[in-house]
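Close look at the chain arrangement
Residues per chain, in single letters:
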Amino acid sequence: MNCPNCQGELRAGKTSYTVNRYGYHLIIDDVPALVCEQCQEPLFTEQAVRLVQQMIRTLDAGRQELSTIPVAA
């Protein structure tokens, strides 16, 4: 299989997935992916994407709950 960006060869490997949103930054290391040998662009599996999306939804819900905590002066 070839990279959709540069047509380099894709190899099974692991990479980091980074999310910056809603006041938090998430870095997940060692996510399974096909990684281009030429440009290093990752192509994630459907299962990995589903799990990452589930993690993000959980963090979003926790972030919303955290924002409702009153702070006493």
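Everything discussed here concerns the structure shown above.
Read on for a plain summary of the structure. (Residues numbered from 1 in each chain as written. Predicted model: local features only at pLDDT ≥ 70, side-chain atom pairs only at ≥ 80, totals over all residues. Heavy atoms only, no water.)

1. With respect to the sheet that holds strand S1 (residues 10–21)
The test is simple: By definition, two strands form a pair when at least two bridges between them are found by DSSP. For helices the rule is a DSSP run of H or I covering at least 4 residues; for strands it is a run of E covering at least 2, with both sets numbered from the N terminus onward. To obtain an axis, a line is fitted to C-alpha atoms, over the contacting stretch when the element is a helix, and the angle between two such axes runs from 0 to 180 degrees between their N-to-C directions.
Pairing is antiparallel in the open sheet, where 3 strands are placed in the order S1-S2-S3. Whereas interior strands pair on both sides, the edge strands pair on one side only; in this sheet they are S1 and strand S3 (42–44). Adjacent strand axes in the sheet meet at a mean angle of 50° when their direction is disregarded. Bridging between S1 and strand S2 (residues 24–36) involves 11 bridges; their strand directions are antiparallel. When the sheet's bridge partners are listed, Leu10 is paired in S2 with Cys36.

2. A look at the pairing of S2
Counted between consecutive antiparallel strands, the loop separating S1 from S2 contains 2 residues, among which Tyr22 sits at a positive phi close to 45°. Pairing of S2 with S3 involves 3 bridges; the strand directions are antiparallel. When the sheet's bridge partners are listed, Leu34 is paired in S3 with Leu43. Counting the residues that bridge the hairpin from S2 to S3 gives 5 residues, and of these Gln40 lies at a positive phi of roughly 70°.

3. Points about the environment of Phe44
The line we're drawing: We call a residue buried when its accessible area falls under 20% of the maximum for its residue type, exposed when it is over 50%, and partly exposed in between, using a 1.4 Å probe and counting protein chains only. Only heavy atoms enter the contact rule, under which two residues are in contact if any of them lie within 4.5 Å.
Looking at the element boundaries, Phe44 is found in strand S3. Classification of Phe44 by relative accessible area gives partly exposed; the value is 22%. Not counting residues up to four positions away in its chain, the partners in contact with Phe44 are Thr15, Ser16, Tyr17, Val31, Pro32, Ala33 and Val49.

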